[in-house]
Amino acid sequence: MVARPGGSANNRGPGPDVTVVAEDGPDAGRLAPLPRSGLTVGRNHAEWLVTDPFLSAPHFRLEVDAEGVLVTRADADQRPAQLLWTGNQPYTAGSSTFRLVRGRPDPLSPIRSIPDPVVDPGPEPARPNAVLQAFMAAGPLVIGVVMAVVTGLWYFLLFSLVSVAVVAVMWFQHRAASRRHGRRIRDGAERVSGRLDELAPTPGRLALAARADSVDRFGVDGVPTDGPVIRWGTGTARLRVENSKEGDQWARWSTVDLPASSVLFPGRTTVVTGQPSTLQAMGHWLHVQLCRDAITSGRGVVMRTAQGDTPWSGATRASAGTIVCWPGTSARDLPAGWHRVLLCDAGREQHPEAMAGTPGHEDRVDADQGVASLAGLDYTALRWHGMTTRTAAWLLDEMGAVQRPAVDQEPVRLVLPQPLMEQPGVESLRAELSPGEDPMTIDLVAHGPHLLVAGTTGSGKSELLLTLLTGLAAAHPPTEVSFVLMDFKGGSSFAVLAGLPHTMSVETNLTEAESLRTFDALSAELRRREELFLAAGAADFRAYRHAHPNADLPRLVVAIDELRVLVDDHPQAAALLARLAATGRSLGFHLVLATQRAQGAVGPDVRSNLGTVICLRTATEQESWDLLGTADAVTIPPDSPGRAYLRHGGGPPRPFQAGQFSVATGPPALVRWTDGAPDADPAPWRDLTVRIGAEAASRALPVPTQAVMPALPEKWTPTPEDRSVLPDAVIVGLADLHHEREQRPVRWLPGRDGPVAWIGTTAAGVDAAARSVLDHLARLDPAVPTFVLDGNGVADSLGVPDSWSVLAADRATPQDLAQLLERVKGRLAERHRVHLMVTSWGRWSAQRVGTGYETVEEQLATLLRDHGPDVLAAALFGARELAGGRILGLVPTRFYLPAGSTPEHRMVWPTLQRVKEVPGRAVMISPDRPAPGVAVQLAATD
């Protein structure tokens, strides 16, 4: 139990911006978030299926507009094609009423007693005496007429008409007072209706409360009432007016639409009649209301069906409660003092035994006729409330009122197929996810080509991925399926599968450069397969493999755990994913994408090519609707990891419980019963990997050429075999040629290859590279003169041959530089080969040579410009000064070492590929390998 301090911030999201709710009707209580793309509502073939027989298949469509929600009806030929629904008033379709709710819904008010349906508008206006008014008006009028006739003076009539005017004014004042009194009655009646509506909510309001951000969402912390407050529907009824003396005079004012509600007092009876389907819907809604009341009051609830009595929670111990007798059951032997609700089928006569022992029923609801008599009120035009089994079960679960069986924590066990790795992968790529009589099996060929696995933290997403990949590896040999695994959760998911012979690569987001390298390799593999199929005249992977059954070409499964991190960190990867998704089926690629939230992570190009979606528990209802077309995934309990829904194409979601593989480790161990049961073993992934790998080794199963080569080692030393391939060459390092699916040594052959430069700091390994090159040169032909400008003492530390000419920077004078360079020029003038090495370039480049003004950089630039690589082999080692020097334009081959460099240093570097920044890791630029270059791990000395 986690408590949140009062006044702390609310970390829950705001929920869907707009929610559509079925407020009443046969399927009341259904909720659906309204996405920006719109929502089709209907009884069948619609995105939101509402169980209402009066709705057509796709009945209407809702689309978000700038001024509201645009409603487009399916029967546009009979009614206006479109109307704007602002949500201020409900929208009626079929026998259902729909409402729009914006933002987070409000919780329900606490349960309270409902008020008496009485209106007290105050005293009635006094009604004048009609006889007296007639005498007051007629008497003076008759006298005036007589006087006018006798005297011939007709103005006597004017005095007579004054009394008539006085009587008329009195009559109009009474009419105005009556209307004001009537309006007070109407206002009071509407207040009573609103109060009843608040205390007896509709199914739609109850369902919306499940999405409220409140501890007491359903208002169950109230004071227990005299009995459950039940709302049967909404109808028209006439309320009693307090102090009324005039019979039906105020009927039109006191007759309003109000909730048809009642209190189920102990010992009384309510009879509900209707068709079986109506009774079933009303019974589910009644069950939800009774359980809500029982949570507050502790009263019992018993559902009596033909299969027997089903008590809820502590009903067997409750002293009072309600028993609901469904059609075909008897009312005998009911608990004394309990309220009885009899659901009677209107289509057949009720059996006398069913009514036996039933006292006179005070309340009655006739759903077919639309009338009811409840709490002394007679309702007409009754719109009864109902609910489907599915909606009722969801609400009961939200309230904690569902009957939960004991949860079996033992995971569903899968066993490895026997024999292992025997299934071909050309026509199918099948793996079992859940065992049993109706196993859940996924085929990436038939159900794919691509799969999306979505689920929030703790839903079992990573375990399901491991189950899927292990199942594929156990069923198919490495030549039929191989894996490229990319784990963007730090390497915790796929590391256990690295030992499988099927696994070509396991990359993580801990090293960005390695992830980008994998994408480059996948792009190269895409192009290679396209060229391969084109050359063979094969339309797709299946055709090529049938024509070349022994080809070294497995199906390649690219599994990515936590896709959102990849998309956020590497936006350029989205283009490759879109291309893989579009061409995967024809080229034998299959994407298995896993993410906590698919919205924003899975682009439209990828989503349009997804064949199957597996949705575990989601954090919001919107995500479930987005992936499944239903809200099922958000209702998965948090204590059920591995519970999921699988949706293939546009079919309905299919629920299943993901299994875990088990490995027999020997005979069972005996423990004392007092010690308790041993803890359940999690899936032993490493044991499974070892077993599959041992089986492949024992049968000498071939392993295909890796599409993604292993990462370069952080330290590499050439072997004697490497040196023997080209004895006269200096081995510089090991190049990662993932576009060519190989890693091979980089060699520099003095006398053939041009000058080379190594650019980087000492921490990056540039001095170690100089030491390695000098060491290799010392092993070559000693007859070739070697001149070394040693800026940091590397040559002294190695103990170079005596035949070398070494000049240290701390002891060099301009005259020494002039003499050494003159010797170099003399050898070159005679066309003799010369090796020239310069370490710590920054210490030499600006030094003057001899008595002139030329610098070492200018002298060496002249030598490189005037003499070709056949006679002058030059190797330069330096940092920023070499990267920005003029001489670099004469050096075609360069090795840039990024470790320890700063952005200021890299400003003069070309645009290079990202590599792991470790000592000795470089990017090679050459005429054959232009920018962004090739990653190289420089050779280390023995």
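Residues numbered from 1 in each chain as written. Predicted model: local features only at pLDDT ≥ 70, side-chain atom pairs only at ≥ 80, totals over all residues. Heavy atoms only, no water.

Colleague: What is the right way to read the pairing of strand β11 (residues 229-238) from this model?
Modeller: Remember that side chains alternate between the two faces of the sheet whenever the strand is regular. Counting buried positions over the 10 residues of β11 gives 8, a clear majority of the element. Pairing of β11 with strand β21 (residues 377-384) involves 4 bridges; the strand directions are antiparallel. Bridge pairing in β21 places T234 opposite R383. (Buried < 20%, exposed > 50% of the residue type's maximum accessible area, 1.4 Å probe, protein only. Helix = DSSP H or I, 4+ residues; strand = E, 2+ residues; numbered from the N terminus. Pairing = 2+ DSSP bridges.)

Colleague: I tried to follow the packing of aromatic side chains on my own but got confused; where do I start?
Modeller: Aromatic ring pairs: the centre-centre distance and the angle between the two ring planes describe each pair. The full count for this structure, using the stated rule, is 8 aromatic pairs. Arranged with centres 5.1 Å apart and planes meeting at 50°, the rings of Y896 and W909 form a pair that is tilted. Of this pair, Y896 sits in strand β41 (residues 893-896) while W909 sits in the loop between α22 (903-906) and β42 (921-925); the two residues are 13 residues apart in sequence, bridging distant segments of the chain. On the basis of relative accessibility, which here comes to 1%, the residue Y896 falls in the buried class. Put simply, the rings of W48, F60, W85, Y91 and F98 touch in pairs and so form one group of aromatic residues. Across from the ring centre of F589, 5.1 Å away, lies the NZ or CZ of R529, which sits over that ring. (Phe/Tyr/Trp six-rings, centres within 6.5 Å; stacked < 30°, edge-to-face > 60°. Lys NZ or Arg CZ within 6 Å of the ring centre and 35° of its normal.)

Colleague: Please clarify how the nonpolar core should be interpreted in this entry.
Modeller: Generally speaking, soluble globular proteins have nonpolar side chains that are buried together. Among the nonpolar cores identified, the biggest contains 63 residues, and W232 and V288 are the most heavily contacted of them. The element best represented in this core is helix α5 (residues 276-297), accounting for 9 residues. Of all hydrophobic cores here, the second largest spans 45 residues; its members include A809, W844, V871 and V891. (Core = buried A, V, L, I, M, F, W, Y, C linked by side-chain atoms within 4.5 Å.)

Colleague: Explain a nonpolar patch on the surface to me, please; I cannot follow it from the model alone.
Modeller: A cluster of nonpolar residues, V142, V146 and V150, forms a patch on the protein surface that exposes about 280 Å² of accessible area. Position of V150 among the secondary structure elements: in helix α1 (residues 130-151). (Patch = residues over 30% accessible without salt bridge, like charges linked within 9 Å, V, L, I, M, F, W, Y side chains within 5 Å. Areas by Shrake-Rupley, 256 points an atom, 1.4 Å probe, with all protein chains shown as cover. Salt bridge = Lys/Arg side-chain N within 4 Å of Asp/Glu carboxyl O.)

Colleague: Which parts of the structure should I look at to understand the sheet that holds strand β9 (residues 96-102)?
Modeller: In sheet architecture, strand pairing relies on hydrogen bonds along the backbone and comes in two forms, parallel and antiparallel. Read from one edge of the open sheet, 4 strands run β2-β1-β9-β8, paired in antiparallel fashion. Each edge of the open sheet carries a strand with a single partner, namely β2 (31-33) and β8 (91-93). Ignoring strand direction, the axes of neighbouring strands in this sheet form an average angle of 25°. Inspection of the sheet shows β8 paired to β9 by 3 bridges, in the antiparallel sense. Bridge assignment links A93 to a residue of β9, and that residue is S96. (Axes fitted to C-alpha atoms, helices over the stretch in contact; angles between N-to-C directions.)

Colleague: What am I meant to see in the sheet that holds strand β28 (residues 555-561) here?
Modeller: With mixed pairing, the 8 strands of this open sheet are ordered in space as β27-β26-β28-β29-β25-β30-β31-β32. Strand pairing shows two members of the sheet lacking a second neighbour, β27 (503-508) and β32 (654-657), which therefore form its edges. Pairs of neighbouring strands in the sheet enclose a mean axial angle of 20°, with direction left out of account. As defined by bridge partners, strand β25 (residues 450-454) adjoins strand β30 (residues 610-615) across 5 bridges and the pair is classed as parallel. Bridge pairing in β30 places A454 opposite C615. Most of the contacts of helix α8 (residues 461-475) go to β28, to which it runs at about 165°, and overall it touches β25, β26 (481-487), β28, β29 (589-595), β30 and β32. (Contact = heavy atoms within 4.5 Å.)

Colleague: I tried to follow the environment of L264 on my own but got confused; where do I start?
Modeller: Structurally, L264 is set in the loop between β13 (255-263) and β14 (269-274). In this structure the C-alpha to C-alpha distance between L264 and G227, which are 37 residues apart in sequence, comes to 5.1 Å. With near-sequence residues (within four places) excluded, L264 lies in contact with G227, P228, I230, W232, T270, L290, T322, H339 and V341.

Colleague: So what exactly am I meant to see when it comes to helix α7 (residues 389-399) here?
Modeller: One turn of an α-helix holds 3.6 residues; hence residues three or four places apart share an orientation. Those residues of α7 that sit buried are T391, A392, W394, L395, L396 and M399. For α7, the elements touching its buried residues are β2, α3 (203-209) and α5. G400 occupies a position one or two residues after α7 and carries a positive phi of about 75°.

Colleague: Any chance you could explain the side chain of T391 here in plain terms?
Modeller: By secondary structure assignment, the location of T391 is in helix α7. With relative accessibility at 4%, the residue T391 sits in the buried group. T391 has contacts with D27, A28, G29 and R30, leaving out every residue within four places of it along the chain.

Colleague: Just checking my understanding: could you explain the environment of L712 for this structure?
Modeller: Within the secondary structure, L712 sits in the loop between α15 (685-698) and α16 (720-725). Through-space distance from the C-alpha of L712 to that of L734 is 7.9 Å; in sequence the pair is 22 residues apart.

Colleague: In this structure, what is going on with the state of the cysteines? I would like to understand it.
Modeller: A disulfide bridge is the covalent bond that connects two cysteines by way of their sulfur atoms. Within this structure, the stated rule accounts for 0 disulfides. Note on C325: no disulfide assigned, nearest cysteine sulfur contributed by C344 at a separation of 9.0 Å. Look at C344 and you get buried, because its relative accessible area is 6%. (Disulfide = S-S within 2.5 Å.)

Colleague: Sorry if this is basic, but what is going on with empty space enclosed by the protein here?
Modeller: Gaps between atoms show up when a probe of the same size as a water molecule is rolled over them. Applying the stated criterion across every chain, the model contains 10 cavities of 30 Å³ or more. Put simply, the largest cavity is a space of about 120 Å³. With 4 residues, the single largest contributor to the lining of the largest cavity is α5. (1 Å grid on protein atoms, 1.4 Å probe; cavity = no way out; pocket = protein on both sides within 12 Å on 5 of 7 lines; lining within 4 Å. Points joined across faces, edges and corners; volume = space filled by probe spheres on them.)

Colleague: How should I be thinking about unusual backbone geometry in this particular structure?
Modeller: A negative phi angle is the norm for most residues apart from glycine, just as the trans form is the norm for most peptide bonds. Of the consecutive residues Q418 and P419, the connecting peptide bond is found in the cis state with omega at -5°. As for its position among the elements, P419 is in the loop between β22 (413-414) and β23 (430-434). Residue G448 is joined to P449 through a cis peptide bond whose omega torsion reads 15°. Its identity is not glycine, yet A381 carries a phi of approximately 50°, on the positive side. Even without a glycine there, the phi angle at R831 is positive, about 65°. Along the chain, the position of R831 falls in the loop between α19 (814-829) and β39 (834-838).

Any functional reading would require information beyond the geometric quantities listed.
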